[in-house]
Amino acid sequence: MIYFFDGSKEAFLCALARAFCDDEAILTSTNAQLSMGQQSIFVAADGARAAQIEQRLLGFDKNCMHDLDLLLRSGDAWRDAAALRYFKFLAEKKRPVRDMLSEEAVIAATECMRRVSYEVHRFHGFVRFLECASGALYAPISPNHDISDLLVPHFRARLPQCPFVIHDVKRKKAAVYDGAHTFVAPLARAEVALAADEKAWQSLWKNYYASVNIPSRERLKQMRGYMPVRYWKFMPEKQLSPSSPC
Amino acid sequence: MFDKQVFGVYNGGMISEEKLHILTECAKYDVSCSSSGSARKNAGGMGNGYIAGCCHSFTPDGRCISLLKILLSNDCVFDCKYCMSRRASDVPRATATPDEICELVVDFYKRNYIEGLFLSSAVHVSPNHTMEQLLLTVKKLRTEYNFHGYIHVKGIPKADPMYAFEAAKYADRMSYNIELPSEKSLKLLAPQKSRESLLVPMRALAKEKQIFKEEKRKGYFLPAGQTTQMIVGASPEPDGQILRLSQSLYRANGLKRVYFSSYTPVVQDSLLPSVPAAAIREHRLYQADWLLRFYGFSAEEIADEGENLSLELDPKCAWALKNMHLFPVEVNRAPLEVLLRVPGIGARSAYKIMQARRYTNLTFEDLKKMRVVLKRARHFLTAGGKFYGENRQEAVRGLLVAAEKPATAVQLSIFTGMTEAAQSALYGEL
């Protein structure tokens, strides 16, 4: 049986409960290929039922909802399967399983969570803010995983006087800090009026980037390993110009 | 939003493109770029420390950009043979004002280009004048511009120690570069510097930091400690001697890191080699340095005083081959410090093994699933009493050499900021 759910935590918990005794269960929030004779069902979110299941699971491991939050943020195709196996395993063992690092269910889920947290860490460095005429900061990003709101506390702590928007252009949503509160809002497109000297600072930054490089020690593969090309789109220093081809 | 009331008086004006280029060009050979080790809090302005460190970009040479690495001036009165800013060299000279630097830092930081400032300088006018200018800049940045991000300041040899003590109250990290591993080489290649002029302030700062801690004084005093750097391959000292020096710096002076910089000829001089030192040597030194700091090895175990590290084998493999009588060890019982000595098992794998074996008896299949790399480790491990490696020492040696990726020869800066950050994040050691 294939259990479709909408990707939310509540729907996942309801689907988990339905799929728990089904060894052939496939849980998915994306499109799945149905094979011949296979049945499918759409599991809707039911708040009361989900809360019940959440309480049961918290009884086994008080930190497990944090794991689920990370797993459901993943943009990897195998995340639903990994989450299902992990929580089934948790429910079987009835105790925290996080450290049972030789169990396949734990290995897959740990890897999935690690990729999400690692991208958060990377984006602490790779976010590039543009200064707007109003003084607010705006950063477009297109991460693999749904992490825009996880980035906010980091920047809020270091720029407490400054409102900023981190715009996930892929998922059409924005994490906003307005100087006092943070919230997430849907945002398809943003019109940004840049501050007068924004271009000049960008140009100085590109100049710095080119000057600090040691051309005789070129290691392009290593650079791309640490900073994959998919992240370059919104980095001023990686926008191609005739003088700096890489 | 970052108006003048909050962030102080902006009166330096934007630094010119040319000046930035000249002052960066001369600073780029300094290896240190890590921003880890400081958890400085934001106190009503901009910025804070990020204990694990953070890389903001990577240049085509594979190194990370974490800090804005810049000189206050490249107009030098010293004449160190290996340096491109030395007095005798014919290069364009520039000197920035403290305000130019401060504004650059604040504006780069707010756009999230950088994690902080790495401020160095050539010896401009005199050591005291230079150190005074460096101090003025960091003090301004902290107090007038209200900046609480990471600051690394270079110490200038032969300056009055009071300047260094004062700067340490504002900086997160300071460093005096040892430059060359022996007094003799230093005399030959950097005649105005002496071993004492570098080690004395280093020790004084370490002592002052200890007093600061013991008296529980308010504020910060070098929360991320001190580092140093030496050039490898410009002078004849063997690796064994370099590692002993590093070890004594870690033990006696409480240094956080010793950086090695493979010699690159940027100036011609009859006293200097004309070819660059092999990158692989620097790589092996860093591997050995990691063994000293994170794996419980001592310099004496890794190499004899007059000996160089093997270029074809990493130092841990070389040590294990000399000590085959200690292996194989049982993966389900060996204590952490023994696991860490198994070639191919790093800190992360050792941690995974320690966790997993509390719940089950590990087999080789389990280790594979857990992505513990067994290419080298299998010759030194048993799992549940089973051994899958090679018994004969000569054969093991051949297999280990073959297991070395040829690519290691180019992994020059694999141990820059990024890896340090990852390591310290994992173990909270820095």
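This section reports on the structure supplied with the text. (Residues numbered from 1 in each chain as written. Chains lettered and ligands numbered in written order. Predicted model: local features only at pLDDT ≥ 70, side-chain atom pairs only at ≥ 80, totals over all residues. Heavy atoms only, no water.)

### Some remarks on the overall build of chain B
Phase 1 of the analysis: What chain B contains, in helices and strands, is 17 helices and 10 strands.
Phase 2 of the analysis: The C-alpha radius of gyration of chain B comes to 23 Å, within 12% of the 22 Å expected for a compact globule of 430 residues.
Phase 3 of the analysis: Seen through its C-alpha atoms, chain B measures out along the principal axes to roughly 70 × 55 × 45 Å.
Phase 4 of the analysis: In chain B, the share of contacts with a sequence separation of at least 24, taken over all contacts with a separation of at least 6, comes to 70%.
Phase 5 of the analysis: For chain B, the computed accessible surface area is about 16,700 Å², with 54% contributed by carbon and sulfur atoms.
Phase 6 of the analysis: Once the 56 positive and 46 negative side-chain charges of chain B are each reduced to a mean point, those two points are 5 Å apart. (Helix = DSSP H or I, 4+ residues; strand = E, 2+ residues; numbered from the N terminus. Rg over C-alpha atoms; globule rule 2.2 N^0.38 Å. Contact = heavy atoms within 4.5 Å. Areas by Shrake-Rupley, 256 points an atom, 1.4 Å probe, with all protein chains shown as cover. Lys, Arg positive; Asp, Glu negative; His and termini not counted. Charge placed at Lys NZ, Arg CZ, Asp CG, Glu CD.)

### With respect to the pairing of strand S6 (residues 164-168) of chain A
Residue and element names in this part refer to chain A.
Phase 1 of the analysis: With respect to burial, S6 is a largely interior element, 4 of its 5 residues being buried.
Phase 2 of the analysis: One ladder, built from 5 bridges, connects strand S5 (residues 137-141) with S6; its direction is parallel. Residue pairing for S6: isoleucine 141 is matched across the bridge by aspartate 168.
Phase 3 of the analysis: For the crossover from S5 across helix H6 (residues 148-158) to S6, the handedness is right-handed.
Phase 4 of the analysis: Counted between consecutive antiparallel strands, the loop separating S6 from strand S7 (residues 173-177) contains 4 residues, among which lysine 172 sits at a positive phi close to 55°. (Buried < 20%, exposed > 50% of the residue type's maximum accessible area, 1.4 Å probe, protein only. Pairing = 2+ DSSP bridges. Right-handed = clockwise from strand over helix to strand, strands pointing away.)

### Digging into the pairing of S5(A)
Residues and elements named next belong to chain A.
Phase 1 of the analysis: Burial runs high along S5: 5 of the 5 residues are buried.
Phase 2 of the analysis: Burial of S5 is two-sided: the residues Leu137, Ala139 and Ile141 facing one way and the residues Tyr138 and Pro140 facing the other way are all buried.
Phase 3 of the analysis: As paired elements, strand S4 (residues 130-131) and S5 share 2 bridges and run antiparallel to each other. Pairing of glutamate 131 across the sheet is with leucine 137, part of S5.
Phase 4 of the analysis: Counted between consecutive antiparallel strands, the loop separating S4 from S5 contains 5 residues, among which glycine 135 sits at a positive phi close to 100°.

### Considering the nonpolar core
Phase 1 of the analysis: Counting residues in each nonpolar core, the largest one holds 198 residues, and the members touching the most others are A:Phe12, A:Leu57, A:Phe87, B:Phe108, B:Met174 and B:Leu381.
Phase 2 of the analysis: Sort the elements by how many residues they give to this core and helix H5 (residues 104-126) of chain A lands first, with 9 residues. (Core = buried A, V, L, I, M, F, W, Y, C linked by side-chain atoms within 4.5 Å.)

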